[in-house]
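Fold and contact review
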Protein chains: 2
Amino acid sequence: MSLTNATPLEVAKAARVGSRRLAVLSTEERNAALTAIHQALTDGKDEVLAANRQDLDDANRAAAGGTLSQSLVKRLDLGKPGKYEDMLQGILDVRDLEDPINKVTARTLLDDNLTLSRITCPIGVLLIIFEARPEVIANISALAIKSGNAAILKGGRESSHSFAAIASLISKALSSTAVPPDCLQLVQTHDVIADLLKQDSYIDLCIPRGGNKLVRYVKDSTSIPVLGHADGICTTYLRGDYPADKATKIIVDAKVSYPAGCNALEQLLVDEAALTTTLPSIVEALLQKGVSLRCDEDSLSALQSNKALDPHSAALLQPASASDFDTEFLDLVLAIKTVPSLEVAVEHINAHSSHHTDAILTLDATVAKAFLAAVDSSSVYWNTSTRMADGQRYGFGTEVGISTNKIHSRGPVGLEGLTIYKWTIVGDAQVSAEYGAGGRAWKHQKLPVGEDEFVARSEEEREVLRKFRAGKSS
Amino acid sequence: MSLTNATPLEVAKAARVGSRRLAVLSTEERNAALTAIHQALTDGKDEVLAANRQDLDDANRAAAGGTLSQSLVKRLDLGKPGKYEDMLQGILDVRDLEDPINKVTARTLLDDNLTLSRITCPIGVLLIIFEARPEVIANISALAIKSGNAAILKGGRESSHSFAAIASLISKALSSTAVPPDCLQLVQTHDVIADLLKQDSYIDLCIPRGGNKLVRYVKDSTSIPVLGHADGICTTYLRGDYPADKATKIIVDAKVSYPAGCNALEQLLVDEAALTTTLPSIVEALLQKGVSLRCDEDSLSALQSNKALDPHSAALLQPASASDFDTEFLDLVLAIKTVPSLEVAVEHINAHSSHHTDAILTLDATVAKAFLAAVDSSSVYWNTSTRMADGQRYGFGTEVGISTNKIHSRGPVGLEGLTIYKWTIVGDAQVSAEYGAGGRAWKHQKLPVGEDEFVARSEEEREVLRKFRAGKSS
């Protein structure tokens, strides 16, 4: 890793060259690099925290001057109890995940001694653009090395001292490993993002980690594929048959447990049948948690005329405007809309949600299955909270982010989302013109899959790859 | 299907709405639509061929006037023996492939009664832009319906009569099926591509099928993801140990069997050891087939001073310029370069091939495995012809095209490349805040995969989906 002042073109080219050599390292070599990084960051904790305190001092001054938010200051702080240790543990967790590359995911016997295999491999060069959170540099470095990808990391200005300290330790650690140092490039130069986004000859995938504004800017400014999501407008559809206690538990969790999360609930669709039965107690619970409720006309009048609802609570309800159903509040605000049918609920979600995570609450399996089939979102749930949408909760160990893309990787993106595959054929001089009309017939027989038998692993093969990596001849 | 004069925005919106309803059709309903299209095109053969003759007459006039190439005229002709029947058979072949959607490809028990599933689903709305070849409209319609995707098809001007005839038949056929007619939109209005490429709110994936110029224009003009390849610069690396007869067979097939194909060989890298042993007889065979050879300095002088090579042949060899190693000839031209090592061959390929298909010819398994691991291309072969890169040969039944993208789908793209997945969770009121430090532990237990048990398939469930498709309430 180098904290570099090179031009974006030089950075991208160097990462590309490094990526070719990283891609042929063995599982053990990549894992050893993660062990080395973990050790270096363990030994260098005091150094990193001292640098982090410099960032914090600057940020606190900026916050006092009103140019930086307190929540951003909080996200900068690596000294919070357990946070540094979590970062260190995250590196080991990634190391101990199954190797996502060199796996045969399909194999076909095309003809005798002619075998087609689909083998997972790294994507190549990733560009990660992120805002505060200095620990991301360690997470992303670990994910990139584990999946055999080079990564260019562009961090926020606010964490520059922390980044420099972490980068220097990682750089030193990698120098004793098989991972080429150019595989991780840390860029802190100002105003360099626009030029990095032009390097589509060298960069294969861009992952912006930050707010809506950053993601939209990146998507609008590059022809490099972008993985991520701009908005998280999540919806839950409450049917009349679902018990009030379970509905309350789920809706309160989805709205209140972390309102700033992209998987937090922003809209509640309510079946007409629930307006006077289960909705009042759910609304009471939300109001007690300090949630502002913006209700459409039907739900507002039903609630206000309902004697089960405390008059003080009823007075807190606000009328919704149309724009409330296209807004990511990221706050203790919830929009409520009455829907006459499953069909209207699904059409509303497909038109107004951000295709991130949407849920239905019902005891009716027929209705639920239709909802799961018809809602076009990354994650669609039946009787649970939208907050479940998370790589760690899905069992991926860690996540790169959450994608609402319609291609490649959708929903929480783990290591698998950082891989692609290549097709190999191993033959014995069979050629295309031998097959087809009047010639040989294809066998097209599916074979079992598993480890890649063509991954170099004998000592002799490793020697060839070592020479290859070192630029020597074979 | 409608042959439409609507605006690109209207076309894209209508396709999006149609796609939602198509996505929830059953396998049988989608297959029945393909049967109906097959029947309509069988019955309407005379009508289509009459329209095709109008296109051919226009094209022949244009060719005589020098404004259209003869090869394009040939590709227009649906009346060539067997071509119409192949088109018809293609529809049935696609129908009979395994349904690519509603498959569970991963399933995890998160906790008791809390199950995460990854289920394949359609991408949504495809935009297919193609040049001549009127049969593509039938192929793509079949692939789109089979995979549950809506498709907007923009054909070339040269085949407008054929398209209109085919579109009208398909439209009539679909009207008696469950497939909403808006799911296939045929656009022939002039100069509408630029506006279609702006509809990124409604179109999910763009697939240009045509020459380098079309593909580059599309890639540079849209923020919609583009699947395809601009160039097909394929390379074969000949090692000194590989027998001359097998090498000749493979290299002649790769270069000569279809020089205009994107998988045709454009560059031969030759190990120094092969210059005086196997290369001369390979060169003789290529020259006999009329291939022009552009040789680097070392191969040129080795061949010209080699007594095994006929002096007349030696006189036909031409010196290569640097640009010959970055050129897709699409013709009987081959560039030859001498390389001192595996490492140099791999670096040349990674820098100069178009990452489409590259091959090594050798008996040495160690060297071959290192090549397969280190070459960063969609398809990488050992001892066979680059012409093998083809969806039909890979056993996909048919292909949408060949992708050199680094995300989503790489190499020949079959039905699987037209699908993505969604994540579902089915729970019983578990919520996120119950898990983690001090709370419940995740089970994260892998479960077997297979058919989607949540796909609506009881008669009652089908009735709900039928109402949903018809816009009625449940």
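Along each chain, residues carry numbers from 1 onward, in the same order as the chain's sequence is written. Chains carry letters and ligands carry numbers; both start at the beginning, A for chains and 1 for ligands, and go up in the order they are written. For a predicted model such as this one, the threshold for reporting local features is a pLDDT of at least 70, and the threshold for listing and counting side-chain atom pairs is 80 or more; totals across whole chains, interfaces and linings nevertheless cover every residue. As a rule here, side-chain values come from all non-hydrogen atoms in the structure, and water together with hydrogens is ignored.

In the annotation of an unreviewed UniProt entry, chain A is listed under the name glutamate-5-semialdehyde dehydrogenase and assigned to Periconia macrospinosa. Word for word, the UniProt comment on chain A under Sequence similarities (unreviewed entry) is "Belongs to the gamma-glutamyl phosphate reductase family." Listed in UniProt under the heading Catalytic activity (unreviewed entry), the comment for chain A reads: "L-glutamate 5-semialdehyde + phosphate + NADP(+) = L-glutamyl 5-phosphate + NADPH + H(+)". UniProt positions are given in the numbering used here, feature names are shortened, and annotations may be inferred rather than shown by experiment.

This next bit is on the interface of chain B and chain A. Note on contacts: a residue pair is in contact if any heavy atoms of the two residues lie within 4.5 Å. Facing the 89 residues of chain B at the interface are 89 residues of chain A. Buried area is understood as the total, over both parts, of accessible area removed when two parts are fitted together, assessed with a 1.4 Å probe. Broken down residue by residue, the surface that chain B buries against chain A is led by Lys-406, Ile-407 and Trp-423 of chain B, which jointly contribute 9%. Whenever Lys or Arg places a side-chain nitrogen within 4 Å of a carboxyl oxygen from Asp or Glu, that contact is recorded as a salt bridge. If you look at where chain B meets chain A, you find 15 salt bridges. Its salt-bridge partner being Arg-21 of chain A, residue Glu-347 of chain B comes within 2.6 Å of it at the nearest N-O pair. Pairs of N or O atoms within 3.5 Å make up the polar contacts considered here, provided that, within protein, one atom can donate a hydrogen while the other can accept it, and that residues adjacent in sequence are counted only when both atoms are side-chain atoms. Here chain B is connected to chain A by 53 residue pairs in polar contact (both at pLDDT 80 or more). Broken down by element, the residue count for the side of chain B that touches chain A peaks at 7 residues, all from strand S17 (residues 419-426) of chain B. Think of it as three bins: nonpolar holds Ala, Val, Leu, Ile, Met, Phe, Trp, Tyr, Cys and Pro, charged holds Asp, Glu, Lys and Arg, and polar takes everything else, Gly as well. Of the residues contributing to the side of chain B that touches chain A, the split by class is 39 nonpolar, 25 polar and 25 charged. Pairs of strands are assigned from DSSP output, requiring at least two bridges between the strands. Helix numbers and strand numbers start at the N terminus; a helix is a DSSP run of H or I with at least 4 residues, a strand a run of E with at least 2. Across 4 bridges, the pairing between strand S17 (residues 419-426) of chain A and strand S14 (residues 379-382) of chain B is parallel. For Trp-423 of chain A, the partnering residue across the bridge sits in S14 of chain B and is Ser-379 of chain B.

Residues and elements named next belong to chain B. Each residue's exposure class comes from its accessible area (1.4 Å probe, protein chains only) as a fraction of the maximum for that residue type: buried when under 20%, exposed when over 50%, partly exposed otherwise. Of all 9 residues making up strand S3 (residues 114-122), 9 are buried, and the element is well covered by its neighbours. Sheet analysis places strand S2 (residues 103-111) next to S3, joined by 6 bridges and oriented antiparallel. Opposite Arg-107, over in S3, you have Ser-117 as the bridge partner. Taken together, S2 and the strand that follows it, S3, pair antiparallel across an intervening segment of 2 residues, in which Asn-113 is found at a positive phi of about 55°.

Below, the discussion takes up the relation of the copies chain B and chain A. We place the copies in one frame by least squares, fitting the C-alpha atoms of every residue whose pLDDT is at least 70 in both. Superposition record for chain B on chain A: RMSD 0.0 Å, screw rotation 180°, translation along axis 0.0 Å. The transformation just described matches what one would write down for a two-fold rotation axis. Considering only C-alpha atoms, the residue of chain B closest to the rotation axis is His-408 of chain B, which sits at 1.9 Å.

Within a regular strand, the side chains alternate between the two sheet faces. Residue and element names in this part refer to chain A. Neither face of strand S6 (residues 184-187) is exposed, since Leu-184 and Leu-186 on one face and Gln-185 and Val-187 on the opposite face are all buried. With 4 bridges connecting them, strand S5 (residues 150-154) and S6 associate as parallel partners. Within S6, the position partnered with Leu-153 by the bridge is Leu-186. Convention used here: a crossover is right-handed provided that the path from the first strand, over the helix, to the second strand proceeds clockwise when the strands point away from the viewer. At this point the chain moves from S5, through helix H7 (residues 160-174), to the parallel S6, and the crossover so formed is right-handed.

On to the environment of Pro-259 of chain B. Residues and elements named next belong to chain B. Note on placement: Pro-259 falls in the loop between helix H10 (244-256) and strand S9 (265-271). You can call Pro-259 buried: its relative accessible area is 18%. Linking Pro-259 and Phe-329, residues 70 residues apart in sequence, is a C-alpha distance of 8.2 Å. Each residue touching Pro-259, except ones within four places of it in the same chain, is listed here: Ala-264, Leu-330, Asp-331 and Leu-332.

Judged by nonpolar contacts, the single largest core of 171 residues is most densely connected at Ile-37, Leu-41 and Ile-152 of chain A together with Leu-41 and Ile-152 of chain B. When neighbours within four sequence positions are excluded, Ile-152 of chain A is seen to be in contact with Val-11, Ala-12, Ala-15, Val-125, Leu-126, Leu-127, Ile-128, Gln-185, Val-187, Leu-196 and Ile-203 of chain A. Note on terminology: a nonpolar core comprises buried Ala, Val, Leu, Ile, Met, Phe, Trp, Tyr and Cys residues joined through side-chain atoms within 4.5 Å.

Residue and element names in this part refer to chain A. Every axis corresponds to a line fitted to the C-alpha atoms, with the helix fit spanning only the stretch in contact, and the corresponding angles, defined between N-to-C directions, vary from 0 to 180 degrees. Helix H5 (residues 83-95) packs onto helix H2 (residues 27-43) with a crossing angle of 170° between their chain directions and a minimal axis gap of 9 Å. Classed by the angle they form, the pair H2 and H5 counts as roughly antiparallel. Between H2, through Asn-31, Leu-34, Thr-35, Ile-37, His-38, Leu-41 and Thr-42, and H5, the contact on the second element is made entirely by Tyr-84, Met-87, Leu-88, Ile-91, Leu-92, Val-94 and Arg-95. For classification purposes, angles smaller than 35 degrees are called roughly parallel, those larger than 145 roughly antiparallel, those between 65 and 115 roughly perpendicular, and all remaining angles oblique.

What follows deals with the domain arrangement of chain A. All names here are of chain A. Domain boundaries shown here were taken from an automatic or database domain assignment. Considered domain by domain, chain A is made up of domain 1 (2-227 + 411-418) and domain 2 (234-397). Domain 1 and domain 2 are separated by 36 Å when their C-alpha centres are compared. Across the boundary between the two partners, domain 1 contributes 7 residues, which contact 10 residues of domain 2. Counting the surface domain 1 buries against domain 2, the share from its top three residues, Leu-97, Gly-411 and Pro-412, is 72%. Where domain 1 meets domain 2, there are 0 salt bridges. Along the contact surface separating domain 1 from domain 2 lie 0 residue pairs in polar contact (both at pLDDT 80 or more). With 3 residues, the single largest contributor to the side of domain 1 that touches domain 2 is strand S16 (residues 411-413). For the side of domain 1 that touches domain 2, the class distribution of residues is 3 nonpolar, 3 polar and 1 charged.

To continue, consider the side chain of Asp-376 of chain A. Position of Asp-376 of chain A among the secondary structure elements: in the loop between helix H15 (365-374) and strand S14 (379-382). Relative accessible area serves as the criterion here: at 12%, Asp-376 of chain A is assigned to the buried category. Excluding anything up to four places from it in sequence, Asp-376 of chain A contacts Asn-350, His-355, Lys-406 and Arg-410 of chain A together with Arg-16 and Arg-20 of chain B.

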